[in-house]
Amino acid sequence: MKKLIIVITVLMASIIVSCDVLMPMLEEANKAINTENGGVISEVLSNEEVINGLKKALAVGTDTAVSVTSTLNGYYGDNLLRILLPPEAKVVTENLSKIPFGQKLVDDAILSMNRSAEDAATAAKPIFINAITSMSIKDGLTILKGKNPRAQTSAGTFDSTAATGFLKSTTYSALYTAFKPKINNSLEKKLVGNLSTNQVYGNLTGAFNKIAPFIGKEKVNSDLSSYVTGKALDGLFLKVADEEKKIRKDPYKWSVDIIRKVFGSVFKK
């Protein structure tokens, strides 16, 4: 019996000593894990640090995107964001020579559509803030690893716009609802030549629709609000994605410590 007690005592002591030795080794190994593709050494981050870093980065990215798109020429002056006429209006632009002042009507319509998007962009800020502040720790950890937790399919590669994808998944419906009436109000504003966007596009499509039956073409829909709303949101999320890529590409250039720490932990060269 005494021998058994001695053996058990020795084994327990060995386990305790092993844990004391192994735990620091495991922690050190965790700190030394490199991210794939030549990343820098990862840091051990608390869940709170991860979520705070992501929220701060998203706040910076969305604020910048809203600021850029809501300024004069935020859409119109950017070739990637500029909103053009709907695809169904192609038949109109192909027959401009048959429409009085056709080219001017097209130019005015395009300019005023973009002005409408720029006017509506500020509506995104509170919706983004609400989504960011409501982000769970589980979602944050997934996003940090380059995965969109709301994506229907999860690719194996690192997604440098995972946070943007998450935001789009969680805010698009609310943004559309907020944007559409604001866009429609903007479409009614006198922006170009004392005409509203709706009037400009209505004049353009109206002029075409009058001649459409005589040239063997179908009339086009003159309702712009849904189309412009969708294009405005596409451009907004494109800007948010650009900002996220910048943060992930070089987190150390940012002045906010928590952004550098969190995104630096999975930094990719």
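Refer to the structure above for everything that follows.
Residues numbered from 1 in each chain as written. Predicted model: local features only at pLDDT ≥ 70, side-chain atom pairs only at ≥ 80, totals over all residues. Heavy atoms only, no water.

Engineer: Can you help me understand helix α6 (residues 137–144) in this one?
Structural biologist: Within an α-helix, residues lying three or four positions from one another point in the same direction, as the helix has 3.6 residues per turn. Asp139, Gly140, Ile143 and Leu144 are the residues of α6 that are buried. Along the axis of α6, the buried positions cluster into a sector of 130°, meaning they face one direction only. The first or second residue beyond α6 is Gly146, which carries a positive phi of 80°. (Buried < 20%, exposed > 50% of the residue type's maximum accessible area, 1.4 Å probe, protein only. Helix = DSSP H or I, 4+ residues; strand = E, 2+ residues; numbered from the N terminus. Arc of directions from axis to C-beta.)

Engineer: Sorry, what's going on with the pattern of salt bridges here?
Structural biologist: Side-chain pairs of opposite charge can arise whenever the charged atoms involved come near each other. Enumeration according to the criterion identifies 9 salt bridges in this entry. Glu94 is the partner of Lys90 in a salt bridge, and the nearest nitrogen-oxygen pair spans 4.0 Å. Taken individually, Lys90 and Glu94 each receive the classification exposed, so the pair is uniform in this respect. Among the ionic pairs, Glu244 bridges to Arg248, the shortest N-O distance being 2.9 Å. Here Glu244 and its partner Arg248 are both found in helix α9 (residues 225–249), 4 residues apart, which amounts to about one turn of the helix. Taken individually, Glu244 and Arg248 each receive the classification buried, so the pair is uniform in this respect. (Salt bridge = Lys/Arg side-chain N within 4 Å of Asp/Glu carboxyl O.)

Engineer: Teacher, can you tell me more about the nonpolar core here?
Structural biologist: Nonpolar side chains in soluble globular proteins generally cluster together in the buried interior. Counting 53 residues, the largest nonpolar core has Leu85, Phe128, Phe179 and Leu236 as the members making the most contacts within it. Counting only elements with at least two residues in this core, the list comes to α2 (47–69), α3 (90–93), α4 (102–120), α5 (124–133), α6, α7 (162–187), α8 (197–211) and α9. (Core = buried A, V, L, I, M, F, W, Y, C linked by side-chain atoms within 4.5 Å.)

Engineer: Help me understand the packing of aromatic side chains in this model?
Structural biologist: Between two aromatic rings, the relevant description is the distance of the centres plus the angle of the planes. This structure, assessed with the given rule, holds 3 aromatic pairs. Taking the centre distance of 6.3 Å and the plane angle of 20° together, the rings of Tyr172 and Phe237 count as stacked. In this pair, Tyr172 sits in helix α7 while Phe237 sits in helix α9, placing the two residues 65 residues apart along the sequence. Owing to a relative accessible area of 26%, Tyr172 belongs among the partly exposed residues under this scheme. (Phe/Tyr/Trp six-rings, centres within 6.5 Å; stacked < 30°, edge-to-face > 60°.)

Engineer: Help me understand the environment of Tyr201, please; the structure alone is not making it clear to me.
Structural biologist: Mapping Tyr201 onto the fold places it in helix α8. Look at Tyr201 and you get buried, because its relative accessible area is 0%. With 92 residues separating them in the primary sequence, Tyr201 and Ala109 have C-alpha atoms 5.5 Å apart. Setting aside residues no more than four positions away along its own chain, Tyr201 makes contact with Leu85, Pro86, Ala89, Ala109, Gly206, Asn221, Ser222 and Leu224. (Contact = heavy atoms within 4.5 Å.)

Engineer: Hey, could you run me through unusual backbone geometry in this one?
Structural biologist: Outside of glycine, negative phi angles account for most residues, and trans bonds account for most peptide bonds. Of note, Asn73 is a non-glycine position whose phi angle comes to about 70°, a positive value. Here Asn73 lies in the loop between α2 and α3. The residue Phe101 is not glycine, and still its phi comes out positive at about 55°. One can find Phe101 in the loop between α3 and α4. A relative accessible area of 70% means that Phe101 is categorised as exposed.

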